[in-house]
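One-letter residues, chain by chain:
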Amino acid sequence: MSAAEGGEQGFDKLSPNGKGETSPPILADRLARAITLAGPISLAQFMAAANQHYYATRDPLGAGGDFTTSPEISQMFGELIGLWAADLWSRAGRPEAAWVELGPGRGTLSADALRAMAKAGFTPPVHLVETSPVLRAAQAERVPHATWHDAIDTLPSDRPLIVIANEFFDALPIRQLVRGGAGWFERLVACQDTLFLPIAGKQVPDSVIPETLRAAAAGSVIETSPASVAILRGLAQRIVTQGGALLAIDYGYDGPAIGDTLQAVRGHAFANPYDMPGEQDLTAHVDFGTLAAAALVERAQVAGPVGQGAFLTALGIDARAATLAKAAPDRAEQIAVDKTRLTQDMGTLFQVLAVTAPDWPNPEGFA
């Protein structure tokens, strides 16, 4: 869920703490002061500032954190992603490609994938797009030979890129447009006595609303993520020009659609997304239909979206689970539980989308 690139102006700047290090100021206080002085801000600004602070100041993963991602559930996830990449690379003619992961968490997915790819003869240079110093340190322990980037702009431009974005787009800032009695309004965030709350902003023209959704009932919400579209288009341009592929995995839907999906997670439980900005993970479901359309605009090929369960099953998770269970009989029950969690519990909520260069082969897993 790490948002390596926010796409919106944030409020959280690091400042010296007098010990040769840096420490972030209290974000809630800074946001409250800014809103009091200048007025309500967009939800996108609020979310960007909150997540920038959140990821810069902690490792949110695991039992002691706020949430757990698929790579942390089982090595099978990263291994199968690695084999997916190695197969595509091989059928593309084994070019001198680079491995890229966006928002790599602790680096677990890349470490597992690289191990599996190496067995298939694919040992690419590794590039990780991550701005959090805390998470970069964790990634360096697992993928010490990686090159780090603050944004996609500095990724290699002289070779194909195989880009993995697992639970990346969900943490990028969104706008919410709410249907009122007289039309559609953008949702803003106001502050009253240090309490943050959503309010209706200025009315937006109907032309910015998808035609099929304009007549929705009062109270309906449409979410858009300009930051996500910008990053997707930037990557698609690279892939069309340089060759390669992007694999995006996230919870989401094939939109655009009506729905308020903004949520906060703290301590593995849902929380009010307007409480404690910067101290909990803010996410929204990913509109895969819009991401696919953005890729097509750049003349890339698109496969999916398909459910994560169907995707992992097509890649051979059943056989991999059986192999692991045979090698470690004492862990067979846990391996089965992990497989069920990845393919059933998360099997349809999580969607998978592939974007490939026009002259690259069709990727596996999307039959």
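Up top is the structure.
As a starting point, this report considers the structure included with it. Since this is a predicted model, take the numbers as computed values, not measurements.

### Thoughts on the nonpolar core
Ranked by size, the top nonpolar core spans 72 residues in total, and within it W84, W99, F169 and L247 carry the most contacts. When residues in this core are grouped by element, the largest group, nine residues, is from helix α4 (residues 75-91). In this structure, F46, I174, A264 and Y274 belong to the second largest nonpolar core, which totals 19 residues.

### Some thoughts on the environment of L80
Topologically, L80 is positioned in helix α4. For the pair L80 and A322, spaced 242 residues apart in sequence, the C-alpha to C-alpha distance is 14 Å.

### Quick notes on the pattern of salt bridges
When charged atoms on two side chains of opposite charge get close, those side chains can pair. Inspection of the entire model under this criterion finds 15 salt bridges. For the salt bridge of E72 with R106, the shortest nitrogen-to-oxygen distance reads 3.6 Å. On the criterion of sequence distance, the pair formed by E72 in helix α3 (residues 70-73) and R106 in the loop between β4 (98-102) and α5 (108-119) is long-range, its members being 34 residues apart. When the shortest N-O distance is used, the salt bridge between R175 and E186 registers 3.0 Å. Note that R175 is positioned in strand β8 (residues 175-180) and E186 in strand β9 (residues 183-192), a separation of 11 residues in sequence. Take R175: its relative accessible area is 26%, and that puts it in the partly exposed class. Taking the relative accessible area as the measure of exposure, E186 reaches 15% and is therefore buried. The structure contains a network of salt bridges with shared partners spanning E79, D112, R115 and R320.

### Regarding the sheet that holds strand β15 (residues 281-283)
In space, the three strands of this open sheet follow the order β14-β13-β15, with antiparallel pairing throughout. Taken across any chain shown, the strands that pair with only one partner, and hence form the sheet edges, are β14 (269-271) and β15. Mean inter-strand twist for the sheet, computed between neighbouring axes without regard to direction, equals 40°. By the bridge criterion, three bridges tie strand β13 (residues 263-266) to β15 in an arrangement that is antiparallel. By the bridge assignment for β15, A264 is matched with L282.

### Digging into the packing of α4 against helix α9 (residues 308-315)
Relative orientation and spacing of two packed helices are given, respectively, by the angle between their axes and the distance between those axes. At a minimum axis separation of 10 Å, α4 and α9 run at an interaxial angle of 65°. The angle between α4 and α9 falls in the class roughly perpendicular. In terms of crossing hand, the pair formed by α4 and α9 is left-handed. In contact with F77, L80, I81 and W84 of α4, α9 contributes Q308, F311, L312 and L315.

### Section: the environment of I258
Here I258 lies in the loop between β12 (244-253) and β13. Remark: the alpha-carbon pair of I258 and I222, spanning 36 residues in sequence, is separated by 5.1 Å. With residues near it in sequence (within four places) discarded, I258 still touches W184, L213, A216, S220, V221 and I222.

### Comments concerning helix α11 (residues 332-345)
Compared with the 20 Å implied by 1.5 Å per residue over 14 residues, the 19 Å span of α11 between its first and last C-alpha is a close match. Listing the buried residues of α11 in full gives I335, D338, L342 and T343. Burial along α11 is one-sided: seen end-on, the buried residues are contained in an arc of 110°. Opposite the buried face of α11, at more than 90 degrees from it, the exposed residues are E333, Q344 and D345.

### Quick word on the packing of aromatic side chains
According to the stated counting rule, one finds seven aromatic pairs in the structure shown. Both rings, one in Y54 and one in Y55, keep their centres 5.0 Å apart while their planes meet at 90°; by these two values the pair is edge-to-face. Here Y54 falls in the buried class, since its relative accessible area comes to 0%. Since its relative accessible area comes to 3%, Y55 is described here as buried. Taking the centre distance of 5.2 Å and the plane angle of 80° together, the rings of F168 and F169 count as edge-to-face. On the basis of relative accessible area, F168 is assigned to the buried category, the value being 0%. An aromatic cluster is built from F46, F196 and Y274, whose rings are joined through pairwise contacts.

How each quantity is defined
- Residues numbered from 1 in each chain as written.
- Predicted model: local features only at pLDDT ≥ 70, side-chain atom pairs only at ≥ 80, totals over all residues.
- Heavy atoms only, no water.
- Core = buried A, V, L, I, M, F, W, Y, C linked by side-chain atoms within 4.5 Å.
- Buried < 20%, exposed > 50% of the residue type's maximum accessible area, 1.4 Å probe, protein only.
- Helix = DSSP H or I, 4+ residues; strand = E, 2+ residues; numbered from the N terminus.
- Salt bridge = Lys/Arg side-chain N within 4 Å of Asp/Glu carboxyl O.
- Pairing = 2+ DSSP bridges.
- Axes fitted to C-alpha atoms, helices over the stretch in contact; angles between N-to-C directions.
- Parallel < 35°, antiparallel > 145°, perpendicular 65-115°, else oblique.
- Left-handed = near helix turned anticlockwise from the far one by under 90°.
- Contact = heavy atoms within 4.5 Å.
- Expected span 1.5 Å × (residues − 1).
- Arc of directions from axis to C-beta.
- Phe/Tyr/Trp six-rings, centres within 6.5 Å; stacked < 30°, edge-to-face > 60°.

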